[in-house]
Amino acid sequence: MRAARLHKYTDDMSEGLTVEEIDRPEITRSDEVIVEVEGAGWCQTDNHIIEGMWEQYVPQSLPMTLGHENAGIVAETGNEVEIVEEGDPVICHPVQTCGTCRACRQGETMYCENQSFNGLTTDGGFADYLLTNERAVIPLPDGVDPTDIAPHADAGITAYHAAKKAVRKLNPGDHAVIVGIGGLGHIGVQVVDAMSAAQITAVDIKDSALELAEEGGADHLVNPEKEDVREFVDSVTDGTGAAQVLDFVGADVTTEYAPDITAAGGDHHIIGYGGHIHEPAQALVNGEFSYVGNIVGQYTELQELVALVEQGDVNLHTSRYELGDVNTVAEKLEHREIDGRAVITP
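Small disclaimer: the values here were computed from a predicted structure and weren't measured.

Could you clarify how one ought to interpret the overall build of the protein in this entry?
Looking only at helices and strands, one finds 12 helices and 18 strands in the protein. Taken against the 2.2 N^0.38 rule, which gives 20 Å for 346 residues, the C-alpha radius of gyration of the protein at 20 Å falls within 12% of a compact globule. C-alpha extents for the protein along the principal axes are approximately 60 × 40 × 35 Å. When each of the 346 residues of the protein is scored for burial, the buried share is 55%. Excluding contacts between residues fewer than 6 apart, the proportion of contacts in the protein whose partners are at least 24 apart in sequence is 69%.

Here you go:
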């Protein structure tokens with residue numbers, strides 16, 4: 001089968017992955033599932049993996065097939081698999097869990113002590129076929145296209161995971177600020193809008209991204225290259241600040257917004273990454289706000305997100321590319337030339 005493989009870390013996205021022929025995966029355990037990939041979302045994390053940014057955090061054995069946002073049609077199952085069968089359309093949670101460690105018993109998918117992460121620690125879905133397991137696959141409702149929904153396997157549930165935490169603390173009349181209306185941010189706007197009565201301010205340097213945010217339910221739009229974000233948030237919140245800030249960029253410039261735009265007792269959620277937090281301890285004490293880290297959402301949260309998609313509350317803005325275009329997509333994302341999410345269609 002064809003697969004887009006990472007052989008060595010590089011900052012040059014034009015030659016990050018190599019499309020080559022490798023053996024199709026085989027079922028070796030009774031709980032495993034092979035999926036014929038119809039759509040695999042491209043994520044900024046894929047760029048970071050190519051750069052080697054994740055090497056110090058998780059073990060990686062190269063060469064490796066990337067791609068952790070996967071959906072498709074079940075091609076084969078182990079003999080103990082019950083929830084899906086050959087021919088079923090599915091979306092795949094990126095993490096394959098053991099089900100028996102303490103974290104799994106508590107339902108904390110991302111904390112599994114024995115996990116495999118497609119496209120990060122084991123072969124992913126930028127390929128014709130993906131090996132996963134029964135605990136990672138979710139059957140899709142009728143009428144939901146696996147190609148269209150694929151990015152929800154990470155972009156969607158990561159945005160949903162953060163938004164769900166934020167929504168718990170948002171009351172009618174509160175304000176939420178969403179920074180970065182890209183592949184995750186445009187989903188975050190829709191989830192916050194669907195699940196709360198808060199006013200939403202969207203922040204992005206691209207007017208096309210702000211238009212996407214407005215379509216998704218944002219009430220206020222601000223471009224940092226044209227207006228001062230701190231002054232804008234101060235004006236729309238009557239000086240109170242935002243009860244919840246969802247930072248889908250995670251650059252130094254965006255994490256620095258926190259002391260000035262976050263309301264007392266509020267949270268600045270870090271979802272995007274690559275930058276740093278350099279704030280005096282006194283700023284946190286004075287404002288009593290918190291920085292909150294976010295990782296990929298749980299299996300059950302992906303089920304909940306699929307329900308929102310089925311209800312028509314969340315829609316993905318995607319563009320499709322062939323497997324041979326993977327490096328072109330990586331370059332486009334590096335230069336912020338993609339609105340919404342790019343989907344590879346092997």
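From this point, things continue past the structure.
Explanation requested: the side chain of Asn-118 in the structure shown.
Tracing the chain through its elements places Asn-118 in the loop between strand S8 (116-117) and strand S9 (129-133). In contact with Asn-118, not counting residues within four places along its chain, are Gly-67, His-68, Asn-70, His-93, Pro-94, Gln-96, Asp-123, Gly-124, Leu-130, Leu-131 and Thr-132.

So what exactly am I meant to see when it comes to the packing of helix H1 (residues 44-51) against helix H12 (residues 326-334) here?
Two numbers describe a pair of packed helices, the interaxial angle and the distance between the axes. At a minimum axis separation of 10 Å, H1 and H12 run at an interaxial angle of 105 degrees. Taken together, the axes of H1 and H12 lie roughly perpendicular to each other. Contact with H1, carried on its side by Gln-44, Asn-47 and Glu-51, involves Ala-330, Leu-333 and Glu-334 of H12 and no other residues of that element. Across the contact of H1 with H12, the residue classes tally to two nonpolar, two polar and two charged.

It is not clear to me how the UniProt feature "domain: Alcohol dehydrogenase-like N-terminal" (unreviewed entry) in the protein should be interpreted in this structure. Could you clarify?
Under the local residue numbering, the UniProt record ascribes the feature "domain: Alcohol dehydrogenase-like N-terminal" (unreviewed entry) to residues 30-142. Spanning residues 30-142, this segment combines 11% helix with 34% strand, and its end C-alpha atoms are found 27 Å apart.

Help me understand H12, please; the structure alone is not making it clear to me.
Residues three or four positions apart in an α-helix share a direction because the helix packs 3.6 residues into each turn. Within H12, the full set of buried residues consists of Val-326, Asn-327, Val-329, Ala-330 and Leu-333. Buried residues along H12 cover an arc of 155 degrees about the axis, so they all sit on one side. Packing partners of the buried residues in H12 comprise strand S1 (2-6), strand S2 (18-21), strand S3 (32-42), H1, strand S17 (318-322) and strand S18 (341-345). Once H12 ends, the next one or two residues include Arg-336, with phi positive near 55 degrees.

Honestly, the UniProt feature "domain: Alcohol dehydrogenase-like C-terminal" (unreviewed entry) in the protein in this entry has me stumped. Any pointers?
UniProt marks residues 183-310 with the feature "domain: Alcohol dehydrogenase-like C-terminal" (unreviewed entry), using the numbering shown here. Here residues 183-310 runs as 44% helix and 21% strand, with 19 Å between its end C-alpha atoms.

In this structure, what is going on with the packing of aromatic side chains? I would like to understand it.
How two aromatic rings sit relative to each other is given by the distance of their centres and the angle of their planes. The full count for this structure, using the stated rule, is four aromatic pairs. Ring centres 6.0 Å apart and planes at 65 degrees place the aromatic pair Trp-54 and Tyr-57 in the edge-to-face group. Residue Trp-54 is classed as partly exposed on the basis of its relative accessible area of 21%.

Could you clarify how one ought to interpret the sheet that holds S2 in this entry?
Strand pairing in a sheet is mediated by backbone hydrogen bonds. Such pairs are either parallel or antiparallel. Taking strand neighbours across the sheet as the criterion, the three strands line up as S2-S1-S4 in an open arrangement whose pairing is antiparallel. Sheet topology places S2 and strand S4 (64-65) at the edges, where each strand pairs with a single neighbour. By the bridge criterion, two bridges tie S1 to S4 in an arrangement that is antiparallel. The residue bridging Arg-5 from the neighbouring strand is Thr-65, located in S4.

Which parts of the structure should I look at to understand the nonpolar core?
A general tendency of soluble globular proteins is for nonpolar side chains to be buried together. Residues Leu-17, Trp-42, Ile-91, Phe-126, Leu-246 and Ile-344 are the most contacted members of the largest nonpolar core, which totals 78 residues. No other element matches helix H4 (residues 155-167), which puts seven residues into this core. Inspection of this core shows a minimum of three residues originating in each of domain 1 (2-154 + 296-344) and domain 2 (157-293). By size, the runner-up hydrophobic cluster in this structure holds 11 residues, among which are Val-203, Val-222, Phe-232 and Val-233.

What counts as what
- Residues numbered from 1 in each chain as written.
- Predicted model: local features only at pLDDT ≥ 70, side-chain atom pairs only at ≥ 80, totals over all residues.
- Heavy atoms only, no water.
- Helix = DSSP H or I, 4+ residues; strand = E, 2+ residues; numbered from the N terminus.
- Rg over C-alpha atoms; globule rule 2.2 N^0.38 Å.
- Buried < 20%, exposed > 50% of the residue type's maximum accessible area, 1.4 Å probe, protein only.
- Contact = heavy atoms within 4.5 Å.
- Axes fitted to C-alpha atoms, helices over the stretch in contact; angles between N-to-C directions.
- Parallel < 35°, antiparallel > 145°, perpendicular 65-115°, else oblique.
- Nonpolar A, V, L, I, M, F, W, Y, C, P; charged D, E, K, R; others polar.
- UniProt positions renumbered as here; feature names shortened; annotations may be inferred.
- Arc of directions from axis to C-beta.
- Phe/Tyr/Trp six-rings, centres within 6.5 Å; stacked < 30°, edge-to-face > 60°.
- Pairing = 2+ DSSP bridges.
- Core = buried A, V, L, I, M, F, W, Y, C linked by side-chain atoms within 4.5 Å.
- Domains from an automatic or database assignment.

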